[in-house]
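Commentary on secondary and tertiary structure
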Amino acid sequence: QVQLVESGGGLVQAGGSLRLSCAASGLTFRSYTMGWFRQAPGKEREFVVAITWSTGSTYYADSVKGRFTISRDNAKNTVTLQMNSLKPEDTAVYYCAGGRTLSGGVARLLNAYNYWGQGTQVTVSS
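My aim in this report is to walk through the structure given alongside it, one point at a time. (Residues numbered from 1 in each chain as written. Predicted model: local features only at pLDDT ≥ 70, side-chain atom pairs only at ≥ 80, totals over all residues. Heavy atoms only, no water.)

1. Here we look at the sheet that holds strand S3 (residues 18–25)
Our working definition: One bridge is not enough; two strands pair if DSSP finds at least two bridges between them. The helix count covers DSSP runs of H or I at least four residues long, the strand count covers runs of E at least two residues long, and both are numbered beginning at the N terminus. Lines fitted to C-alpha atoms define the axes, with helix axes restricted to the stretch in contact, and inter-axis angles between N-to-C directions lie between 0 and 180 degrees.
With antiparallel pairing, the four strands of this open sheet are ordered in space as S1-S3-S8-S7. The open sheet has two edge strands, strand S1 (3–7) and strand S7 (68–73), and neither has a second partner. The mean angle between the axes of side-by-side strands here comes to 15°, regardless of whether they run parallel or antiparallel. Here five bridges tie S1 to S3, and the two strands are oriented antiparallel to one another. When the bridges of S3 are listed, Glu-6 appears paired with Cys-22.

Below you can see the structure in the form of structure tokens.
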């Protein structure tokens with residue numbers, strides 16, 4: 001059974017930092033492009049960042065570029081999202097997602113991913 005489990009969410013003041021982690025099991029992690037999406041109340045789920053299965057290429061939403069950094073550790077089956085300079089508009093539930101052998105711009109598409117975590121809440125106060 002495939003499982004993606006996020007952790008590290010919480011409450012932080014604007015300008016602060018959080019580190020989210022996603023632990024994967026039940027899949028061949030090295031063959032999966034991993035992404036982070038977020039969903040604020042009343043809004044659609046949106047792309048945040050992804051890292052590909054093959055070259056480790058990264059893709060960032062313009063809204064987080066320069067503030068967020070994604071990384072992966074294939075030996076530990078984990079993907080990490082380091083979030084710095086957080087803003088109130090970053091408040092959302094953050095979801096880890098996996099998509100087998102996704103590459104290029106497809107990695108930014110929500111519907112391209114096969115597996116999803118349960119989400120972790122990030123709240124940024126002003």
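That covers the picture; the talk isn't over yet.
2. Details of the pattern of salt bridges
We apply this condition: Salt bridge criterion: a side-chain nitrogen from Lys or Arg within 4 Å of a carboxyl oxygen from Asp or Glu. Only protein chains enter the accessibility calculation, which uses a 1.4 Å probe; a residue is then buried when its area is under 20% of its type maximum, exposed when over 50%, and partly exposed in between.
Summed over all chains, the structure comprises four salt bridges. In this structure, the salt-bridge partner of Arg-38 is Asp-90, at a minimum N-O distance of 2.9 Å. One end of the pair, Arg-38, is in strand S4 (residues 32–39); the other, Asp-90, is in the loop between strand S8 (78–83) and strand S9 (92–100), and 52 residues separate them in sequence. With respect to class, Arg-38 is no different from Asp-90; both count as buried. As a salt-bridge pair, Arg-67 and Asp-90 come within 2.8 Å of each other at their nearest N and O atoms. On the criterion of sequence distance, the pair formed by Arg-67 in the loop between strand S6 (58–60) and S7 and Asp-90 in the loop between S8 and S9 is long-range, its members being 23 residues apart. A single burial state applies to Arg-67 and to Asp-90, both of which are buried. Bridged by salt links that share partners, the residues Arg-38, Glu-46, Arg-67 and Asp-90 form one connected network.

3. Some remarks on the nonpolar core
Defined as follows: We define the nonpolar core as a collection of buried residues of types Ala, Val, Leu, Ile, Met, Phe, Trp, Tyr and Cys that are connected through side-chain atoms lying within 4.5 Å of one another.
In terms of nonpolar packing, the biggest core is built from 35 residues, with Met-34, Trp-36, Phe-68, Val-79, Leu-81, Met-83 and Tyr-94 touching the most fellow members. If you list the elements that add at least two residues to this core, you get S3, S4, strand S5 (46–51), S7, S8, S9 and strand S11 (120–125). Among the elements that take part in this core, S5 stands out by supplying five residues, more than any other.

4. A short note on the side chain of Thr-80
Using the following cut-off: Contacts are residue-level and defined by heavy atoms, with any inter-residue pair within 4.5 Å sufficient.
Inspection of the secondary structure assignment puts Thr-80 in strand S8. Apart from the residues within four sequence positions on either side, Thr-80 is in contact with Arg-19, Leu-20, Ser-21, Trp-36, Thr-69, Ile-70 and Ser-71.

5. Let's talk about the environment of Leu-110
Tracing the sequence through the fold places Leu-110 in the loop between S9 and strand S10 (115–116). On the basis of relative accessibility, which here comes to 28%, the residue Leu-110 falls in the partly exposed class. Each C-alpha atom of the pair Leu-110 and Glu-46 lies 7.5 Å from the other, and the pair is 64 residues apart in sequence. Not counting residues within four places of it along the chain, the set of residues in contact with Leu-110 comprises Phe-37, Arg-45 and Trp-116.

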